[in-house]
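The residues making up each chain are set out below.
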Amino acid sequence: MAALSSVRWLTRALVAAPNPGVWRGLCTSAASRAAARNQAEDVRVEGAFPVTMLPGDGVGPELMHAVKEVFKAAAVPVEFQEHHLSEVQNIASEEKLDQVLSSMKENKVAIIGKIHTPMEYKGELASYDMRLRRKLDLFANVVHVKSLPGYKTRHNNLDLVIIREQTEGEYSSLEHESAKGVIECLKIVTRTKSQRIAKFAFDYATKKGRAKVTAVHKANIMKLGDGLFLQCCREVSELYPKIKFETMIIDNCCMQLVQNPYQFDVLVMPNLYGNIIDNLAAGLVGGAGVVPGESYSAEYAVFETGARHPFAQAVGRNIANPTAMLLSASNMLKHLNLEYHSTIIADAVKKVIKVGKVRTRDMGGYSTTSDFIKSIIGHLHPHGG
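Everything numeric in this text was worked out from a predicted model, so none of it was measured.

1. Overview of the pairing of strand 1 (residues 49-54)
In terms of burial, strand 1 is largely enclosed, as 6 of its 6 residues are buried. Neither face of strand 1 is exposed, since Phe-49, Val-51 and Met-53 on one face and Pro-50, Thr-52 and Leu-54 on the opposite face are all buried. Remark: the strand 1/helix 3 (residues 60-73)/strand 2 (residues 78-82) crossover connection has right-handed handedness. Pairing geometry for strand 1 and strand 3 (residues 109-112), over 3 bridges, is parallel. Its bridge partner being in strand 3, Leu-54 is matched across the sheet by Ile-112.

Pasting the structure below:
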């Protein structure tokens, strides 16, 4: 009942929100209160929104540096409260996790890098990244896959949204060895969470003026698990007669995305499928370096790259593409109702890409991360303002 109550709360907030952003106003009052508390504690952040920053692993710290540099140049009224949590750098513990959770619960808004998950089993199946999302109930991951003007890929003028449930499914961390050499992995699908993510997807489509929602599944094989997910999506779709509803099996969806991605608008799916489709779709518009993402609960909003990859091979080489993280940061500012700052940063990033003189290696250029940042800062105030 509590879960369903939170869905109703989210739905009411979505429908009642007067501005065009779906969730941009949901956490603003809470963030404002947190900012007011910080004002009393530290005069340096007077009037600023406190935001939790978690740099993560791989090129995460370099991307966060880009965000901080651009925010400083744009005089963005945000105060970052930086925390470090990493399993591969041996700075992960229950105490660290509690500190991060406390900060995120206080601020309601966070920007995070990829927290790398080691493949070795060390007694705990759930990674810190998964535990963080579960404890905050960040059930909805949203990845907006949109072509960038001036950057040509195999498919251009793409504009689709992938919404995945990310608190259960195959990522439930319920595995055991039932007999020697036999591992059982449990996939958990519940009606409550399937209904919640379906409602979220249709609310998103309604608020954003989208025409169609496609539920992606494997119910032909997993008749009970994915069958329940599909049934919930169908039931929820009946509440939204103005939005077209379709279903598609996951393997066919992968092929269709490569052949004709223009047929898709909003896609909703369980955890594992969403993780795969996020990365596949990101590749259609230029790769993991250009696609922003975000995760939501009824209370919290976390902004991150759309395709989660630590890019360990690029660490320290000054070649990482900060586009995805900067666009995510721009979306975060929109969520905080900092429309002006959100717009000038997003516009500057897009102008740099459209002009085409400064591009990182993943986009076919030879520019460094530093070059990219300098160029973006140069486009923030083109008339010297």
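Here the narrative resumes.
2. Observations regarding the pattern of salt bridges
Overall, the coordinates contain 15 salt bridges when judged by the stated rule. Taking the shortest distance from any N to any O, the salt bridge between Arg-196 and Asp-137 comes out at 2.7 Å. A residue pair is termed long-range when its members are at least 10 positions apart, and Arg-196 in helix 6 (residues 191-208) and Asp-137 in the loop between helix 5 (128-135) and strand 4 (140-146) qualify at 59 residues. We note a salt bridge from Asp-226 to Lys-187, for which the minimum N-O separation is 2.5 Å. Here the residue Asp-226 occupies a position in helix 7 (residues 225-237), and Lys-187 occupies one in the loop between strand 7 (182-185) and helix 6, the gap between them amounting to 39 residues.

3. A few points about the environment of Met-222
One can find Met-222 in the loop between strand 8 (212-217) and helix 7. The residues touching Met-222, leaving out its near neighbours within four places in the chain, are Lys-187, Gly-227 and Tyr-273.

4. A look at the packing of helix 6 against helix 7
Packed helix pairs are specified by the crossing angle of their axes together with the interaxial distance, meaning the distance between the axes. At their nearest, the axes of helix 6 and helix 7 sit 8 Å apart, and the two run at 45° to each other. Put simply, helix 6 runs oblique to helix 7. The two elements helix 6 and helix 7 cross, and the hand of that crossing is right-handed. Across the interface between the two elements, Arg-191, Ser-194, Gln-195, Ile-197, Ala-198, Lys-199 and Phe-202 of helix 6 pack against Leu-228, Phe-229, Gln-231, Cys-232, Cys-233, Glu-235, Val-236 and Ser-237 of helix 7. Here the residues of the contact of helix 6 with helix 7 sort into 8 nonpolar, 4 polar and 3 charged.

Criteria and thresholds
- Starting afresh in each chain, residues are numbered from 1 along the sequence in its written order.
- Per-residue local features of the predicted model are confined to residues with pLDDT of at least 70, and side-chain atom pairs are confined, for both listing and counting, to 80 or more; whole-chain, interface and lining totals are unaffected and use all residues.
- Excluding hydrogens and water, the side-chain figures rest on all heavy atoms present in the structure.
- The buried label goes to any residue with under 20% of its type's maximum accessible area, the exposed label to any with over 50%, and the partly exposed label to all in between, with areas taken from a 1.4 Å probe on protein chains only.
- Counting from the N terminus, the helices are the DSSP runs of H or I reaching at least four residues and the strands are the DSSP runs of E reaching at least two.
- We call a crossover right-handed when, viewed with both strands directed away from the observer, the connection leading from the first strand over the helix to the second proceeds clockwise.
- Any two strands with at least two DSSP-identified bridges between them are counted as paired.
- Throughout this description, the term salt bridge denotes a Lys or Arg side-chain nitrogen within 4 Å of a carboxyl oxygen of Asp or Glu.
- Two residues form a contact once any of their heavy atoms are found within 4.5 Å.
- For helices, the axis comes from a line fit to the C-alpha atoms of the stretch in contact; other axes are also lines fit to C-alpha atoms, and the angle between any two N-to-C directions lies between 0 and 180 degrees.
- An angle below 35 degrees is treated as roughly parallel, one above 145 as roughly antiparallel, one from 65 to 115 as roughly perpendicular, and anything else as oblique.
- In this scheme the handedness of a crossing depends on how the near helix is turned from the far one: anticlockwise by less than a right angle means left-handed, clockwise means right-handed.
- The nonpolar class holds Ala, Val, Leu, Ile, Met, Phe, Trp, Tyr, Cys and Pro. Asp, Glu, Lys and Arg form the charged class, and all remaining residues, Gly among them, are polar.

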